[in-house]
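One-letter residues, chain by chain:
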Amino acid sequence: IQVFVPRDSAAIAVGADEVADAIVAQAAARGASVELVRNGSRGLLWLETLVEVATPAGRVAYGPVGVDDVAGLFEAGFLSGAAHALCHGLTEQIPYLARQQRLLCARMGVTDPLSLADYAQHGGWAGLQAALQMPADAVWQTVLDSGLRGRGGAAFPAGIKWRTVAQAQSPQKYVVCNADEGDSGTFADRMVLEDDPYMLIEGMTLAALASGATQGYVYIRSEYPLAFDVFSQAIARASAAGFLGDNILGSGLAFHLEARLAAGSYVCGEETAMLESLEGRRGIVRAKPPIPALSGLFGQPTIINNVLTFASVPWILAHGAAAYKAYGRGRSTGTLPFQLAGNIARGGLVELAFGTTLRELVFDWGGGTASGRPVKAVQVGGPLGTYLPASQWDIPLDYEAYAAVGAVVGHGGLVVHDDRADLAKLARYAMAFCAHESCGKCTPCRIGSTRGVEVIDRILALQPVALPDGGHAEGAMAQQRQQVHLLRDLCDTMVNGSLCAMGGMTPYPVLSALNHFPADFGMGLAPAT
Ligand code: SF4
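Topic: the overall build of the chain
Alright, step 1. Looking only at helices and strands, the chain features 21 helices and 16 strands.
Alright, step 2. Taken over C-alpha atoms, the radius of gyration comes to 25 Å for the chain, in line with the 24 Å a tight globule of 529 residues would show.
Alright, step 3. Taken along its principal axes, the extent of the C-alpha atoms in the chain is 80 × 65 × 40 Å.
Alright, step 4. Buried residues in the chain amount to 56% of all 529 residues.

Written out as structure tokens, the structure is:
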């Protein structure tokens, strides 16, 4: 009987390894025949450790399973899919999973991540096989036609980038994957690396075929040791099986891939700082132009995309651009694996077409806050993303609709805060984070973020004093208005004067906090100016 226990960082963090050991021990003690499979995670993180048992009707899910639950599960007959308080029925019918539109994440949790046979049986390599029958131009044209945009934050059309590199004249070109997933509340890249690594290998190989690149690098976040280990093993197995190397599947085309451990710096998620780091230097942002597509790694034409962008491509090549475009809204085509985190009852990975809303994600999937208190704000797009108040939770999640209200979809990470959150402190944190992570190259970010912390501290120190008659000391209110004006000026300078998104986007959480939650800054009494 096959029993599945995820070997994914999120599952391991809550005891999956110990649960797996306990299942093996219980089976041995009871003389039960169990084949333990360490699969990936389904992304239903609130149910981890999610144990599944293969039955004739399909896989039955139990979770969250702790070590202490294992003996009871055996006694209840879980090996035959029997009822139990932790039983959720057939995994595929759990509403959280069944209602998703899983294109990119379809195999996650289903397969053994390192099994090449599993990958092939579940649709793997179909995109590569299709691409090997096409001219290179048709590969990037398909990506262009699909409307796929970079999932790392900037949302630049991937096909245009691929075409630029394909048409550049150079004897050496590169494909680089940014897997330095440093945004708060995000974990989709990690899940691809740990739970379906061949999908990324296939996507990068497609980029190589489209552009003529022969060498690729994956820059993996240093805090992801398991992802690095799993992905390194996947490269070795794919190479041994002929999916990478000098003669991919007998086509005569060459593509070699290496994993690189990142340097632990947030700004190395910026593409040019990442290139500096890959080349062995400090991760400092490069001025553009030249763009990396023409002069990237070691000065050569380079396709740079993040994990989710590359991982989207195998499906597109296998099913066609039109099928991908059928998902999404406007220019935001396809799906995005949204990541529900923070103070949320049912955190996890939810892949849906663009156009869903925060309200659906946070309440229909996430079940509201873990604390049971009202949701106050949701930060979307990482630590430099906007805080969205309730009035904005019905805006369709797509790049244009979010940009229209000064927000970003970014990498699809959502961090939920309940009504106890102090948005002024969170705004201060954004400035302090920027000051800590700034690469120092440009003044608005290097100096501006430090000044930003100071100004917010002054605003908070100038809480208007209540007078006995119910009024407030006008002097303190005037000073506070002056400091808020200064903060807005500073944010304007950072947005318009910073060299990269680090300094350019830090004002997003600051200004959204100030605009939507002025009371947290003591501004409820004084009009914002
Ligand atoms: Fe460096 Fe900040 Fe300027 Fe970006 S904005 S180049 S991180 S100093």
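The structure having been displayed, the exposition proceeds.
A closer look at the packing of helix α9 (residues 188-195) against helix α13 (residues 307-319)
Alright, step 1. Between α9 and α13, the shortest axis-to-axis distance is 9 Å and the interhelical angle comes to 50 degrees. Put simply, α9 runs oblique to α13. Where α9 crosses over α13, the handedness of that crossing is left-handed. Side by side, α9 and α13 meet where Ala188, Asp189 and Val192 of the first sit next to Val307, Leu308 and Ala311 of the second.
Alright, step 2. Taken together, the residues of the contact of α9 with α13 sort by class into 5 nonpolar, no polar and 1 charged.

As for the packing of helix α19 (residues 474-497) against helix α21 (residues 507-516)
Alright, step 1. For the pair α19 and α21, the least separation of the axes is 10 Å and the interaxial angle reads 150 degrees. Taken together, α19 and α21 sit at an angle that is classed as roughly antiparallel. Classified by chirality, the crossing of α21 by α19 is left-handed. Residues Val484, Leu487, Arg488, Cys491, Met494 and Val495 of α19 form the contact with α21, whose own contacting residues are Pro507, Val510, Leu511, Leu514 and Asn515.

With respect to the site of the ligand
Alright, step 1. Taken together, 13 residues form the shell around the ligand, and within it Cys439, Lys441, Cys442, Cys445 and Cys500 come nearest.
Alright, step 2. Residues belonging to the shell around the ligand are distributed by class as follows: 8 nonpolar, 4 polar and 1 charged.

Overview of the sheet that holds strand β9 (residues 302-306)
Alright, step 1. Taken in spatial order, the 4 strands of this open sheet run β8-β7-β6-β9, and their pairing is parallel. Here the strands that pair on one side only, and so sit at the sheet edges, are β8 (256-261) and β9. For this sheet, the mean angle separating the axes of adjacent strands, direction not counted, is 20 degrees.
Alright, step 2. Pairing of strand β7 (residues 215-220) with β8, which is carried by 6 bridges, proceeds in the parallel orientation. Opposite valine 218, over in β8, you have alanine 259 as the bridge partner.
Alright, step 3. Helix α10 (residues 197-211) contacts β6 (174-179), β7, β8 and β9 of the sheet and is inclined by roughly 150 degrees relative to β6.
Alright, step 4. Helix-sheet contacts for helix α12 (residues 271-278) involve β6, β7, β8 and β9, and the interaxial angle to β6 is about 110 degrees.

A short note on the pairing of strand β13 (residues 348-353)
Alright, step 1. Of all 6 residues making up β13, 6 are buried, and the element is well covered by its neighbours.
Alright, step 2. In this sheet, β13 lies alongside strand β12 (residues 335-342) in antiparallel orientation, the contact comprising 6 bridges. Across the sheet, residue threonine 335 finds its bridge partner in β13, namely alanine 353.
Alright, step 3. Linkage of β12 to β13, two consecutive antiparallel strands, is achieved through a turn of 5 residues.

Re helix α11 (residues 225-240)
Alright, step 1. Over its 16 residues, α11 runs 23 Å from end to end, which matches the ideal 22 Å to within 8%, given 1.5 Å per residue.
Alright, step 2. Regarding α11, the residues found buried are Leu226, Ala227, Val230, Phe231, Ala234, Ile235 and Ala238. Across the axial projection of α11, the buried residues extend over an arc of 165 degrees, all falling on one side. Those residues of α11 that are exposed and aimed more than 90 degrees away from the buried face are Pro225 and Ala240.
Alright, step 3. Considering only its buried residues, α11 is in contact with α1 (9-13), α9, α10, β7 and β8.
Alright, step 4. At the exit of α11 stands glycine 242, carrying a positive phi of roughly 90 degrees.

Section: the pattern of salt bridges
Alright, step 1. Scanning the entire structure with this criterion turns up 25 salt bridges.
Alright, step 2. Between arginine 260 and glutamate 258 there is a salt bridge, with the nearest N and O atoms lying 2.8 Å from each other.
Alright, step 3. Where arginine 329 meets aspartate 398, a salt bridge forms, and the shortest distance between an N and an O atom there is 2.3 Å. Pair noted here: arginine 329 is in strand β10 (residues 328-329) and aspartate 398 is in the loop between β15 (386-388) and α16 (399-404), with a separation of 69 residues, a long-range link.
Alright, step 4. The network of salt bridges with common partners includes Arg42, Glu52, Arg59 and Glu92.

Digging into the environment of proline 507
Alright, step 1. Structurally, the position occupied by proline 507 is in helix α21.
Alright, step 2. Residues proline 507 and threonine 493 lie 14 residues apart in sequence; the distance between their C-alpha atoms is 9.5 Å.
Alright, step 3. Not counting the four nearest positions on each side in its chain, proline 507 is found in contact with Cys491, Met494, Val495 and Ser512.

With respect to helix α15 (residues 358-365)
Alright, step 1. Among all positions in α15, only Leu358, Leu361, Val362 and Trp365 are buried. One side of α15 holds all its buried residues, which, seen down the axis, span an arc of 120 degrees.

Things to note about the nonpolar core
Alright, step 1. If you look at the biggest cluster of nonpolar residues, it comprises 97 residues, and the most contacted ones within it are Trp162, Leu200, Ile201, Val218 and Phe231.
Alright, step 2. Here valine 218 is in contact with Cys177, Ala179, Leu193, Leu200, Met204, Phe231, Leu257, Glu258, Ala259 and Arg260, once residues within four sequence places are set aside.
Alright, step 3. Listed in part, the 38 residues of the second largest apolar core include Tyr387, Leu426, Cys445 and Phe521.

What about empty space enclosed by the protein?
Alright, step 1. Overall, the coordinates contain 2 cavities of 30 Å³ or more when judged by the stated rule.
Alright, step 2. There is about 70 Å³ of room inside the largest cavity.
Alright, step 3. Among the residues forming the lining of the largest cavity, the class breakdown is 8 nonpolar, 3 polar and 1 charged.
Alright, step 4. Approximately 40 Å³ is the volume attributed to the second largest cavity.
Alright, step 5. Around the second largest cavity sit Leu103, Leu104, Ala311, Ser312, Trp315, Tyr324 and Thr335, which together line it.
Alright, step 6. The element contributing the most residues to the lining of the second largest cavity is α13, with 3 residues.
Alright, step 7. Class assignment for the residues of the lining of the second largest cavity results in 5 nonpolar, 2 polar and no charged.

About the criteria used
- Residues numbered from 1 in each chain as written.
- Predicted model: local features only at pLDDT ≥ 70, side-chain atom pairs only at ≥ 80, totals over all residues.
- Heavy atoms only, no water.
- Helix = DSSP H or I, 4+ residues; strand = E, 2+ residues; numbered from the N terminus.
- Rg over C-alpha atoms; globule rule 2.2 N^0.38 Å.
- Buried < 20%, exposed > 50% of the residue type's maximum accessible area, 1.4 Å probe, protein only.
- Axes fitted to C-alpha atoms, helices over the stretch in contact; angles between N-to-C directions.
- Parallel < 35°, antiparallel > 145°, perpendicular 65-115°, else oblique.
- Left-handed = near helix turned anticlockwise from the far one by under 90°.
- Contact = heavy atoms within 4.5 Å.
- Nonpolar A, V, L, I, M, F, W, Y, C, P; charged D, E, K, R; others polar.
- Near = heavy atom within 4 Å.
- Pairing = 2+ DSSP bridges.
- Expected span 1.5 Å × (residues − 1).
- Arc of directions from axis to C-beta.
- Salt bridge = Lys/Arg side-chain N within 4 Å of Asp/Glu carboxyl O.
- Core = buried A, V, L, I, M, F, W, Y, C linked by side-chain atoms within 4.5 Å.
- 1 Å grid on protein atoms, 1.4 Å probe; cavity = no way out; pocket = protein on both sides within 12 Å on 5 of 7 lines; lining within 4 Å.
- Points joined across faces, edges and corners; volume = space filled by probe spheres on them.

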